[in-house]
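Notes for the structure review
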Amino acid sequence: MRTGRFLMAGLITATAPWLAGAAHSAQLVTIRFDPNAPVSPLGTEAEYQAVIRIQDARDPNLRLRLINEFLSGEYRDERIDVGPGEDLLGGFDVNRPIEAATDGDAPTTGSEFTYLVLRMRFQTLYDAAEPEEVIAAAQEALDAHEFFFNGKMGFITDPGNVPEVPAFRLDFSNQRSIFYQAMMEAYQSLEDADNVLRFGEMALEAESETWALYTEQFDETAPGYPFERDRHAARQTLLLGTLMGTYRFLENLENEIAYARRFLEVQSDDHEVLTRVSQYMAEPERIPPDGPSRAEHLEAAEDYAARAVAAVDAYVASTDAAEIEGLDRAAMVSQANAALGMVRYQRGNFPDAAAAYARAAESVPDAQLYFLLGVAHTNDQNVDGAVSALARAVFLDFPQPQARQLLEVAYRVRNGSLEGLEDYIDSEGARIDANP
(Lines give C-alpha, C1' and ligand atoms only; values in the text may rest on other atoms or scores of the structure.)
Protein backbone atom coordinates (compact mmCIF):
# COMPACT_ATOMS: atom_id res chain seq x y z
CA MET A 1 0.00 0.00 0.00
CA ARG A 2 1.34 3.41 -0.93
CA THR A 3 1.11 5.91 1.85
CA GLY A 4 2.48 9.37 2.59
CA ARG A 5 1.07 10.92 -0.57
CA PHE A 6 -2.29 11.31 -2.22
CA LEU A 7 -3.04 7.96 -3.82
CA MET A 8 -3.71 8.16 -7.53
CA ALA A 9 -6.49 6.24 -9.23
CA GLY A 10 -5.66 3.71 -11.90
CA LEU A 11 -7.86 5.15 -14.64
CA ILE A 12 -6.56 5.16 -18.17
CA THR A 13 -6.74 8.76 -19.35
CA ALA A 14 -7.29 9.29 -23.05
CA THR A 15 -9.07 11.66 -25.33
CA ALA A 16 -12.59 10.54 -26.13
CA PRO A 17 -13.87 12.05 -29.39
CA TRP A 18 -16.94 9.83 -29.29
CA LEU A 19 -18.28 11.69 -26.26
CA ALA A 20 -19.49 14.62 -28.29
CA GLY A 21 -22.78 12.95 -29.19
CA ALA A 22 -23.36 11.29 -25.84
CA ALA A 23 -25.89 13.79 -24.50
CA HIS A 24 -29.49 12.65 -24.66
CA SER A 25 -32.87 14.13 -24.03
CA ALA A 26 -34.22 13.79 -20.52
CA GLN A 27 -37.61 12.48 -21.53
CA LEU A 28 -39.56 10.79 -18.80
CA VAL A 29 -40.48 7.14 -18.67
CA THR A 30 -43.53 5.52 -17.19
CA ILE A 31 -42.35 2.45 -15.30
CA ARG A 32 -44.65 -0.48 -15.97
CA PHE A 33 -45.11 -3.81 -14.29
CA ASP A 34 -45.13 -7.31 -15.71
CA PRO A 35 -46.42 -9.90 -13.20
CA ASN A 36 -44.49 -12.59 -15.08
CA ALA A 37 -41.20 -10.71 -14.67
CA PRO A 38 -41.90 -8.18 -11.92
CA VAL A 39 -38.43 -6.62 -11.66
CA SER A 40 -37.47 -6.69 -15.32
CA PRO A 41 -37.62 -3.75 -17.74
CA LEU A 42 -40.64 -3.79 -20.00
CA GLY A 43 -40.28 -2.68 -23.60
CA THR A 44 -40.52 -3.53 -27.25
CA GLU A 45 -38.65 -6.23 -29.14
CA ALA A 46 -36.71 -3.49 -30.95
CA GLU A 47 -35.47 -2.07 -27.65
CA TYR A 48 -34.52 -5.52 -26.38
CA GLN A 49 -32.55 -6.36 -29.51
CA ALA A 50 -30.82 -2.97 -29.37
CA VAL A 51 -29.64 -3.70 -25.82
CA ILE A 52 -28.33 -7.11 -26.94
CA ARG A 53 -26.36 -5.45 -29.76
CA ILE A 54 -24.83 -3.02 -27.27
CA GLN A 55 -23.86 -5.85 -24.94
CA ASP A 56 -22.28 -7.82 -27.78
CA ALA A 57 -20.25 -4.90 -29.16
CA ARG A 58 -16.60 -5.35 -28.26
CA ASP A 59 -15.20 -2.22 -29.87
CA PRO A 60 -15.74 0.69 -27.44
CA ASN A 61 -16.39 3.19 -30.23
CA LEU A 62 -19.03 0.95 -31.75
CA ARG A 63 -20.59 0.30 -28.37
CA LEU A 64 -20.77 4.01 -27.59
CA ARG A 65 -22.29 4.76 -30.99
CA LEU A 66 -24.98 2.15 -30.39
CA ILE A 67 -25.58 3.55 -26.92
CA ASN A 68 -25.99 7.07 -28.29
CA GLU A 69 -28.45 5.79 -30.87
CA PHE A 70 -30.46 4.11 -28.14
CA LEU A 71 -30.43 7.18 -25.92
CA SER A 72 -31.58 9.34 -28.80
CA GLY A 73 -34.90 7.48 -28.70
CA GLU A 74 -34.44 5.69 -32.02
CA TYR A 75 -35.80 2.44 -30.60
CA ARG A 76 -38.64 3.97 -28.65
CA ASP A 77 -42.03 2.62 -29.67
CA GLU A 78 -45.41 1.95 -28.14
CA ARG A 79 -45.10 -0.20 -25.03
CA ILE A 80 -47.03 -3.38 -24.59
CA ASP A 81 -49.81 -2.51 -22.18
CA VAL A 82 -49.97 -4.73 -19.14
CA GLY A 83 -53.75 -4.52 -18.90
CA PRO A 84 -55.92 -4.26 -15.84
CA GLY A 85 -55.05 -6.42 -12.89
CA GLU A 86 -55.73 -6.82 -9.24
CA ASP A 87 -53.53 -8.03 -6.40
CA LEU A 88 -51.27 -10.30 -8.43
CA LEU A 89 -48.30 -12.09 -6.85
CA GLY A 90 -48.61 -10.56 -3.42
CA GLY A 91 -50.25 -7.27 -4.20
CA PHE A 92 -49.25 -5.17 -7.20
CA ASP A 93 -51.01 -2.22 -8.68
CA VAL A 94 -49.98 -3.12 -12.19
CA ASN A 95 -51.39 0.01 -13.79
CA ARG A 96 -49.97 2.57 -11.35
CA PRO A 97 -47.27 4.65 -13.10
CA ILE A 98 -44.24 5.90 -11.21
CA GLU A 99 -44.14 9.65 -11.41
CA ALA A 100 -40.97 11.31 -12.57
CA ALA A 101 -38.79 13.47 -10.38
CA THR A 102 -40.38 16.83 -9.62
CA ASP A 103 -37.55 18.75 -11.23
CA GLY A 104 -38.24 17.08 -14.57
CA ASP A 105 -34.72 15.64 -14.79
CA ALA A 106 -35.40 11.94 -14.46
CA PRO A 107 -32.43 10.26 -16.20
CA THR A 108 -34.41 8.35 -18.81
CA THR A 109 -35.25 8.57 -22.49
CA GLY A 110 -38.61 6.91 -22.48
CA SER A 111 -37.29 3.35 -22.21
CA GLU A 112 -37.22 1.15 -19.14
CA PHE A 113 -33.95 -0.29 -20.50
CA THR A 114 -32.26 3.08 -20.08
CA TYR A 115 -30.67 2.19 -16.74
CA LEU A 116 -28.98 -0.85 -18.33
CA VAL A 117 -27.76 1.17 -21.30
CA LEU A 118 -26.35 3.91 -19.07
CA ARG A 119 -24.71 1.26 -16.93
CA MET A 120 -22.98 -0.12 -20.03
CA ARG A 121 -21.93 3.38 -21.08
CA PHE A 122 -20.39 3.93 -17.65
CA GLN A 123 -18.54 0.60 -17.86
CA THR A 124 -17.15 1.53 -21.27
CA LEU A 125 -16.04 5.00 -20.22
CA TYR A 126 -14.54 3.81 -16.95
CA ASP A 127 -11.78 2.03 -18.85
CA ALA A 128 -10.88 4.83 -21.23
CA ALA A 129 -12.23 8.25 -20.29
CA GLU A 130 -11.05 11.31 -18.44
CA PRO A 131 -11.99 11.45 -14.73
CA GLU A 132 -14.58 14.18 -15.23
CA GLU A 133 -16.30 12.08 -17.89
CA VAL A 134 -16.28 9.01 -15.66
CA ILE A 135 -17.87 11.01 -12.85
CA ALA A 136 -20.62 12.32 -15.13
CA ALA A 137 -21.31 8.86 -16.60
CA ALA A 138 -21.39 7.22 -13.18
CA GLN A 139 -23.73 9.83 -11.74
CA GLU A 140 -26.10 9.63 -14.68
CA ALA A 141 -26.14 5.83 -14.58
CA LEU A 142 -26.67 5.91 -10.82
CA ASP A 143 -29.65 8.26 -11.17
CA ALA A 144 -31.24 6.00 -13.80
CA HIS A 145 -30.43 2.97 -11.68
CA GLU A 146 -32.19 4.44 -8.62
CA PHE A 147 -35.14 5.65 -10.70
CA PHE A 148 -35.75 2.20 -12.18
CA PHE A 149 -35.22 0.40 -8.84
CA ASN A 150 -37.60 2.66 -6.94
CA GLY A 151 -40.10 2.45 -9.78
CA LYS A 152 -40.23 -1.31 -9.85
CA MET A 153 -40.20 -1.66 -6.07
CA GLY A 154 -43.05 0.85 -5.92
CA PHE A 155 -45.40 -1.77 -7.33
CA ILE A 156 -44.53 -4.39 -4.74
CA THR A 157 -46.52 -4.24 -1.55
CA ASP A 158 -45.30 -7.59 -0.18
CA PRO A 159 -41.67 -8.20 -1.28
CA GLY A 160 -41.51 -11.46 0.66
CA ASN A 161 -43.92 -13.02 -1.82
CA VAL A 162 -41.81 -12.14 -4.87
CA PRO A 163 -38.90 -14.58 -5.34
CA GLU A 164 -37.03 -12.22 -7.66
CA VAL A 165 -36.78 -9.36 -5.18
CA PRO A 166 -33.75 -10.50 -3.09
CA ALA A 167 -31.53 -10.89 -6.17
CA PHE A 168 -32.88 -7.60 -7.54
CA ARG A 169 -31.95 -5.76 -4.37
CA LEU A 170 -28.53 -7.42 -4.21
CA ASP A 171 -27.65 -6.50 -7.79
CA PHE A 172 -28.72 -2.89 -7.39
CA SER A 173 -26.89 -2.44 -4.09
CA ASN A 174 -23.73 -3.91 -5.57
CA GLN A 175 -23.98 -1.66 -8.61
CA ARG A 176 -24.50 1.36 -6.36
CA SER A 177 -21.23 0.60 -4.58
CA ILE A 178 -19.46 0.29 -7.96
CA PHE A 179 -20.70 3.71 -9.07
CA TYR A 180 -19.62 5.35 -5.82
CA GLN A 181 -16.21 3.67 -5.94
CA ALA A 182 -15.65 4.82 -9.50
CA MET A 183 -16.50 8.40 -8.56
CA MET A 184 -14.19 8.17 -5.56
CA GLU A 185 -11.34 6.98 -7.77
CA ALA A 186 -11.98 9.66 -10.37
CA TYR A 187 -11.97 12.40 -7.74
CA GLN A 188 -8.84 10.82 -6.33
CA SER A 189 -7.03 11.28 -9.63
CA LEU A 190 -8.22 14.91 -9.60
CA GLU A 191 -6.87 15.27 -6.03
CA ASP A 192 -10.26 16.45 -4.82
CA ALA A 193 -9.96 15.14 -1.27
CA ASP A 194 -13.39 16.26 -0.07
CA ASN A 195 -15.17 14.29 -2.76
CA VAL A 196 -12.87 11.31 -2.32
CA LEU A 197 -13.97 11.16 1.31
CA ARG A 198 -17.61 11.77 0.43
CA PHE A 199 -17.92 9.06 -2.21
CA GLY A 200 -15.59 6.70 -0.37
CA GLU A 201 -17.92 6.74 2.60
CA MET A 202 -20.93 6.20 0.36
CA ALA A 203 -19.18 3.29 -1.36
CA LEU A 204 -18.36 1.73 2.02
CA GLU A 205 -21.97 2.01 3.14
CA ALA A 206 -23.24 0.50 -0.12
CA GLU A 207 -20.69 -2.31 0.10
CA SER A 208 -21.79 -3.14 3.66
CA GLU A 209 -25.41 -3.20 2.50
CA THR A 210 -24.48 -5.48 -0.39
CA TRP A 211 -22.75 -7.95 1.90
CA ALA A 212 -25.68 -7.92 4.32
CA LEU A 213 -28.08 -8.67 1.46
CA TYR A 214 -25.81 -11.45 0.21
CA THR A 215 -25.53 -13.14 3.60
CA GLU A 216 -29.30 -12.97 4.00
CA GLN A 217 -29.57 -15.23 0.95
CA PHE A 218 -26.47 -17.42 1.22
CA ASP A 219 -24.49 -19.04 4.01
CA GLU A 220 -20.95 -20.40 4.16
CA THR A 221 -21.99 -23.65 2.46
CA ALA A 222 -22.98 -21.86 -0.76
CA PRO A 223 -20.60 -22.68 -3.67
CA GLY A 224 -19.81 -19.03 -4.38
CA TYR A 225 -19.46 -17.94 -0.75
CA PRO A 226 -15.61 -17.96 -0.52
CA PHE A 227 -15.30 -15.87 -3.68
CA GLU A 228 -17.91 -13.35 -2.52
CA ARG A 229 -16.36 -13.15 0.94
CA ASP A 230 -12.93 -12.43 -0.55
CA ARG A 231 -14.39 -9.94 -3.01
CA HIS A 232 -16.12 -8.14 -0.15
CA ALA A 233 -12.90 -8.01 1.89
CA ALA A 234 -10.91 -6.73 -1.12
CA ARG A 235 -13.45 -3.97 -1.74
CA GLN A 236 -13.38 -2.94 1.91
CA THR A 237 -9.59 -2.77 2.05
CA LEU A 238 -9.45 -0.75 -1.17
CA LEU A 239 -12.00 1.76 0.11
CA LEU A 240 -10.61 1.97 3.64
CA GLY A 241 -7.05 2.21 2.31
CA THR A 242 -8.06 5.08 0.04
CA LEU A 243 -9.76 6.96 2.85
CA MET A 244 -6.79 6.33 5.12
CA GLY A 245 -4.40 7.64 2.45
CA THR A 246 -6.57 10.68 1.85
CA TYR A 247 -6.55 11.62 5.52
CA ARG A 248 -2.78 11.24 5.49
CA PHE A 249 -2.65 13.58 2.49
CA LEU A 250 -4.74 16.03 4.53
CA GLU A 251 -2.40 15.54 7.50
CA ASN A 252 -5.38 14.49 9.61
CA LEU A 253 -3.57 11.90 11.70
CA GLU A 254 -6.45 11.08 14.02
CA ASN A 255 -8.81 10.11 11.21
CA GLU A 256 -6.03 8.36 9.34
CA ILE A 257 -5.46 6.08 12.32
CA ALA A 258 -9.19 5.57 12.85
CA TYR A 259 -9.51 4.24 9.31
CA ALA A 260 -6.30 2.26 9.68
CA ARG A 261 -7.81 0.44 12.65
CA ARG A 262 -10.93 -0.30 10.61
CA PHE A 263 -8.68 -1.50 7.80
CA LEU A 264 -6.98 -3.94 10.18
CA GLU A 265 -10.34 -5.41 11.13
CA VAL A 266 -10.53 -6.63 7.54
CA GLN A 267 -6.88 -7.30 6.74
CA SER A 268 -5.26 -8.07 10.05
CA ASP A 269 -1.68 -8.76 8.93
CA ASP A 270 -0.78 -5.72 6.83
CA HIS A 271 2.67 -4.89 8.22
CA GLU A 272 2.72 -1.26 7.05
CA VAL A 273 -0.65 -0.40 8.56
CA LEU A 274 0.09 -2.30 11.78
CA THR A 275 3.36 -0.43 12.18
CA ARG A 276 1.72 2.94 11.48
CA VAL A 277 -1.05 2.33 14.02
CA SER A 278 1.29 0.97 16.69
CA GLN A 279 3.70 3.89 16.29
CA TYR A 280 0.84 6.36 16.65
CA MET A 281 -0.64 4.66 19.71
CA ALA A 282 2.77 4.30 21.35
CA GLU A 283 3.49 8.03 21.31
CA PRO A 284 3.36 9.27 24.91
CA GLU A 285 1.11 12.23 24.05
CA ARG A 286 -1.47 9.81 22.58
CA ILE A 287 -1.69 7.70 25.72
CA PRO A 288 -4.55 8.64 28.07
CA PRO A 289 -3.79 9.52 31.71
CA ASP A 290 -4.16 6.92 34.44
CA GLY A 291 -7.41 5.02 34.48
CA PRO A 292 -9.28 2.31 32.58
CA SER A 293 -8.93 4.13 29.26
CA ARG A 294 -5.14 4.15 29.65
CA ALA A 295 -5.01 0.41 30.32
CA GLU A 296 -7.34 -0.25 27.38
CA HIS A 297 -5.29 1.94 25.08
CA LEU A 298 -1.98 0.34 26.05
CA GLU A 299 -3.36 -3.17 25.74
CA ALA A 300 -4.62 -2.44 22.23
CA ALA A 301 -1.37 -0.66 21.34
CA GLU A 302 0.75 -3.62 22.46
CA ASP A 303 -1.45 -5.98 20.44
CA TYR A 304 -0.95 -3.88 17.32
CA ALA A 305 2.78 -3.52 17.94
CA ALA A 306 3.31 -7.24 18.55
CA ARG A 307 1.34 -8.03 15.42
CA ALA A 308 3.40 -5.46 13.51
CA VAL A 309 6.65 -7.14 14.59
CA ALA A 310 5.34 -10.58 13.60
CA ALA A 311 4.01 -9.31 10.27
CA VAL A 312 7.26 -7.47 9.46
CA ASP A 313 9.35 -10.53 10.32
CA ALA A 314 7.18 -12.70 8.08
CA TYR A 315 7.36 -10.18 5.26
CA VAL A 316 11.13 -9.69 5.49
CA ALA A 317 11.61 -13.47 5.38
CA SER A 318 9.34 -13.86 2.35
CA THR A 319 10.23 -13.74 -1.32
CA ASP A 320 8.08 -10.60 -1.61
CA ALA A 321 10.81 -8.61 0.16
CA ALA A 322 13.63 -9.87 -2.07
CA GLU A 323 13.68 -6.73 -4.21
CA ILE A 324 13.66 -4.33 -1.25
CA GLU A 325 16.92 -2.70 -0.24
CA GLY A 326 18.50 -4.09 2.91
CA LEU A 327 18.31 -0.72 4.64
CA ASP A 328 14.58 -0.54 3.97
CA ARG A 329 14.05 -4.01 5.41
CA ALA A 330 16.08 -3.04 8.47
CA ALA A 331 13.99 0.12 8.89
CA MET A 332 10.77 -1.92 8.87
CA VAL A 333 12.09 -4.19 11.62
CA SER A 334 13.40 -1.25 13.64
CA GLN A 335 10.20 0.81 13.47
CA ALA A 336 7.94 -2.05 14.52
CA ASN A 337 10.18 -3.06 17.42
CA ALA A 338 10.63 0.53 18.57
CA ALA A 339 6.85 0.92 18.82
CA LEU A 340 6.62 -2.33 20.77
CA GLY A 341 9.38 -1.16 23.09
CA MET A 342 7.61 2.13 23.79
CA VAL A 343 4.30 0.46 24.62
CA ARG A 344 5.94 -2.07 26.91
CA TYR A 345 7.87 0.68 28.64
CA GLN A 346 4.66 2.64 29.23
CA ARG A 347 3.13 -0.50 30.73
CA GLY A 348 6.07 -0.85 33.13
CA ASN A 349 7.38 -4.02 31.48
CA PHE A 350 10.99 -2.86 31.37
CA PRO A 351 12.78 -6.14 30.53
CA ASP A 352 10.57 -6.77 27.49
CA ALA A 353 10.75 -3.11 26.53
CA ALA A 354 14.54 -3.37 26.55
CA ALA A 355 14.41 -6.50 24.40
CA ALA A 356 12.30 -4.71 21.79
CA TYR A 357 14.48 -1.59 21.85
CA ALA A 358 17.61 -3.74 21.53
CA ARG A 359 16.28 -5.37 18.39
CA ALA A 360 15.24 -2.00 16.98
CA ALA A 361 18.74 -0.59 17.59
CA GLU A 362 20.41 -3.69 16.16
CA SER A 363 18.47 -3.21 12.94
CA VAL A 364 19.09 0.53 12.68
CA PRO A 365 21.77 1.85 15.06
CA ASP A 366 20.37 5.16 16.23
CA ALA A 367 21.23 7.41 19.18
CA GLN A 368 17.58 7.80 20.19
CA LEU A 369 16.99 4.04 20.22
CA TYR A 370 20.12 3.39 22.29
CA PHE A 371 19.08 6.10 24.73
CA LEU A 372 15.62 4.53 25.14
CA LEU A 373 17.26 1.12 25.56
CA GLY A 374 19.51 2.56 28.25
CA VAL A 375 16.55 4.10 30.08
CA ALA A 376 14.68 0.78 29.97
CA HIS A 377 17.72 -1.04 31.39
CA THR A 378 18.07 1.64 34.08
CA ASN A 379 14.46 1.13 35.19
CA ASP A 380 15.05 -2.62 35.19
CA GLN A 381 18.19 -2.07 37.31
CA ASN A 382 20.32 -3.74 34.64
CA VAL A 383 23.42 -1.64 35.17
CA ASP A 384 25.62 -3.36 32.59
CA GLY A 385 22.94 -3.04 29.94
CA ALA A 386 22.29 0.60 30.81
CA VAL A 387 26.00 1.54 30.66
CA SER A 388 26.51 -0.15 27.31
CA ALA A 389 23.40 1.34 25.65
CA LEU A 390 23.94 4.85 27.03
CA ALA A 391 27.58 4.82 25.96
CA ARG A 392 26.47 4.02 22.42
CA ALA A 393 23.90 6.82 22.52
CA VAL A 394 26.63 9.27 23.58
CA PHE A 395 29.01 7.94 20.91
CA LEU A 396 26.32 8.57 18.28
CA ASP A 397 25.92 12.16 19.57
CA PHE A 398 22.53 11.95 21.23
CA PRO A 399 21.59 15.65 21.27
CA GLN A 400 20.20 15.93 24.79
CA PRO A 401 22.41 16.02 27.93
CA GLN A 402 20.36 13.32 29.70
CA ALA A 403 22.24 10.52 27.94
CA ARG A 404 25.61 11.66 29.26
CA GLN A 405 24.19 12.35 32.72
CA LEU A 406 22.57 8.92 33.05
CA LEU A 407 25.67 7.23 31.66
CA GLU A 408 27.90 8.88 34.24
CA VAL A 409 25.59 7.82 37.08
CA ALA A 410 25.42 4.20 35.88
CA TYR A 411 29.13 4.01 35.09
CA ARG A 412 30.04 5.34 38.54
CA VAL A 413 27.69 2.82 40.18
CA ARG A 414 29.33 -0.03 38.32
CA ASN A 415 32.98 1.11 38.45
CA GLY A 416 33.15 3.38 41.49
CA SER A 417 34.48 6.30 39.47
CA LEU A 418 34.42 7.84 36.00
CA GLU A 419 37.95 6.71 35.23
CA GLY A 420 38.20 5.22 31.73
CA LEU A 421 34.75 6.44 30.68
CA GLU A 422 35.88 8.09 27.43
CA ASP A 423 37.76 4.98 26.33
CA TYR A 424 34.70 2.90 27.20
CA ILE A 425 32.44 5.12 25.06
CA ASP A 426 34.82 4.70 22.11
CA SER A 427 34.96 0.94 22.58
CA GLU A 428 31.17 0.64 22.68
CA GLY A 429 30.95 2.80 19.59
CA ALA A 430 33.35 0.50 17.77
CA ARG A 431 31.12 -2.48 18.63
CA ILE A 432 27.94 -0.97 17.18
CA ASP A 433 28.35 -2.37 13.68
CA ALA A 434 29.07 -5.83 15.07
CA ASN A 435 25.93 -5.73 17.27
CA PRO A 436 27.33 -8.16 19.86
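Numbers given for residues are sequential positions, taken from 1 along each chain in its written order. For this predicted model, a pLDDT threshold of at least 70 governs which residues receive local features, and a threshold of 80 or more governs which side-chain atom pairs are given and counted, while totals over whole chains, interfaces and linings are taken from all residues. Each side-chain value is worked out from all heavy atoms of the structure, with water and hydrogens disregarded.

Notes on the nonpolar core
We apply this condition: Here, nonpolar core refers to any group of buried Ala, Val, Leu, Ile, Met, Phe, Trp, Tyr and Cys residues whose side-chain atoms link them within 4.5 Å. Classification of residues uses two cut-offs on accessible area relative to the type maximum, computed with a 1.4 Å probe and protein chains only: under 20% is buried, over 50% is exposed, and between them is partly exposed. Only runs of H or I of at least four residues qualify as helices and only runs of E of at least two qualify as strands under DSSP, and these elements are numbered from the N terminus. By the convention used here, residues are in contact when the closest approach between their heavy atoms is within 4.5 Å.
Counting 115 residues, the largest nonpolar core has Phe 70, Val 117, Phe 122, Met 183, Val 277, Phe 371 and Leu 407 as its most contacted members. Broken down by element, the residue count for this core peaks at 11 residues, all from helix 4 (residues 131-153). Those residues in contact with Val 277 that sit more than four places away from it in its chain are Ile 257, Ala 260, Arg 261, Leu 264 and Tyr 304. Counting 6 residues, the second largest nonpolar core, distinct from the first, contains Trp 211, Tyr 214, Ala 222 and Tyr 225.

Considerations on the pattern of salt bridges
Condition: When a carboxyl oxygen of Asp or Glu is within 4 Å of a side-chain nitrogen of Lys or Arg, the pair counts as a salt bridge.
For the structure on display, the rule yields 23 salt bridges. Salt-bridge contacts for Glu 302 lead to Arg 344; the nearest nitrogen and oxygen are separated by 3.4 Å. Of this pair, Glu 302 sits in helix 10 (residues 292-317) while Arg 344 sits in helix 11 (residues 326-346), and the two are 42 residues apart along the sequence. Judged by its relative accessible area of 19%, Arg 344 falls in the buried class. One salt bridge in this structure joins Arg 307 and Asp 303, with 3.0 Å as the shortest N-O distance.

With respect to the environment of Ser 278
Mapped onto the elements, Ser 278 comes out in helix 9 (residues 271-282). By relative accessible area, Ser 278 is classed as buried at 0%. In this structure the C-alpha to C-alpha distance between Ser 278 and Ala 300, which are 22 residues apart in sequence, comes to 8.8 Å. Contacts of Ser 278, omitting those with residues within four sequence positions, involve Ala 301, Tyr 304, Ala 305, Ala 308 and Ala 339.

Description of the side chain of Glu 256
Threshold: Any pair of N or O atoms that falls within 3.5 Å is considered a polar contact. Within protein, one atom must be able to donate a hydrogen and the other to accept it, and sequence-neighbouring residues count only if both atoms are side-chain atoms.
By secondary structure assignment, the location of Glu 256 is in helix 8 (residues 253-266). Judged by relative accessible area, Glu 256 falls into the buried class, the value being 3%. Within the structure, Glu 256 has its side chain in polar contact with the side chain of Arg 248 (distance 3.0 Å).

Points about the packing of helix 2 (residues 60-71) against helix 3 (residues 114-126)
Helix packing for two helices is described by the angle between their axes and how far apart those axes are. Quick reminder of the rule: Only C-alpha atoms enter the line fits that serve as axes; for helices the fit covers just the stretch in contact. Angles between N-to-C directions range over 0 to 180 degrees. Under this scheme an angle from 65 to 115 degrees is roughly perpendicular, one under 35 degrees roughly parallel, and one over 145 degrees roughly antiparallel; angles in between are oblique. Handedness of a helix crossing follows the sense of rotation of the near helix relative to the far helix, less than a right angle counterclockwise being left-handed and clockwise being right-handed. Each residue is assigned to one class: nonpolar for Ala, Val, Leu, Ile, Met, Phe, Trp, Tyr, Cys and Pro, charged for Asp, Glu, Lys and Arg, and polar for all the others, Gly among them.
Contact pair helix 2 / helix 3: the axes reach a minimum separation of 10 Å and the direction vectors enclose 150°. Taken together, helix 2 and helix 3 sit at an angle that is classed as roughly antiparallel. Read as a crossing pair, helix 2 and helix 3 show a hand that is left-handed. On helix 3, the residues touching Pro 60, Arg 63, Leu 64, Ile 67, Phe 70 and Leu 71 of helix 2 are Thr 114, Val 117, Leu 118, Met 120, Arg 121, Thr 124 and Leu 125. Here the contact of helix 2 with helix 3 is built from residues that sort into 9 nonpolar, 2 polar and 2 charged.

Quick word on the confidence of the model for the chain
This is how it is decided: pLDDT expresses, on a scale from 0 to 100, how confident the predictor is about each individual residue.
On average, residues of the chain score 85 in pLDDT, and 84% of them are at 70 or above. Per-residue pLDDT stays below 50 along residues 1-27; that stretch engages in 67 contacts with residues further than four places along the chain or on separate chains. Confidence drops under pLDDT 50 across residues 77-109; counting only partners more than four residues distant or on other chains, this segment forms 86 contacts.

Thoughts on the side chain of Asn 174
Within the element layout of this structure, Asn 174 appears in helix 5 (residues 165-189). At 3.3 Å, the side chain of Asn 174 and the side chain of Arg 235 are in polar contact. Those residues in contact with Asn 174 that sit more than four places away from it in its chain are Thr 210, Arg 231 and Arg 235.

A few points about the environment of Met 183
Considering the arrangement of structural elements, one finds Met 183 in helix 5. Distance in space between the C-alpha atoms of Met 183 and Ala 137 is 9.4 Å, their sequence separation being 46 residues. If we skip the residues at most four places from it in the chain, Met 183 touches Ile 135, Ala 138, Gln 139, Leu 142 and Phe 199.

Considerations on helix 1 (residues 45-56)
A turn of α-helix holds 3.6 residues, and therefore any two residues three or four places apart point the same way. This is how it is decided: Here a helix's expected span is defined as the number of its residues, less one, multiplied by 1.5 Å. By definition, the arc is the one covered by directions from the helix axis to the C-beta atoms.
For helix 1, spanning 12 residues, the distance from its first C-alpha to its last is 17 Å, which sits close to the expected 16 Å at 1.5 Å a residue. Here helix 1 has its buried residues at Glu 47, Ala 50, Val 51 and Ile 54. Buried positions in helix 1, seen along its axis, are confined to an arc of 100° and lie on one side of it. In this structure, helix 1 carries Glu 45 and Asp 56 as exposed residues pointing more than 90 degrees from its buried face. Those residues of helix 1 that are buried lie in contact with helix 2 and helix 3.

Quick notes on unusual backbone geometry
With phi around 60°, Gln 381 is a residue other than glycine that occupies positive phi space. Relative to the helices and strands, Gln 381 resides in the loop between helix 13 (367-379) and helix 14 (383-395). In the Ramachandran plot, Asp 397 falls in the positive-phi region, its phi being about 65° despite a non-glycine side chain. Note that Asp 397 resides in the loop between helix 14 and helix 15 (402-415).

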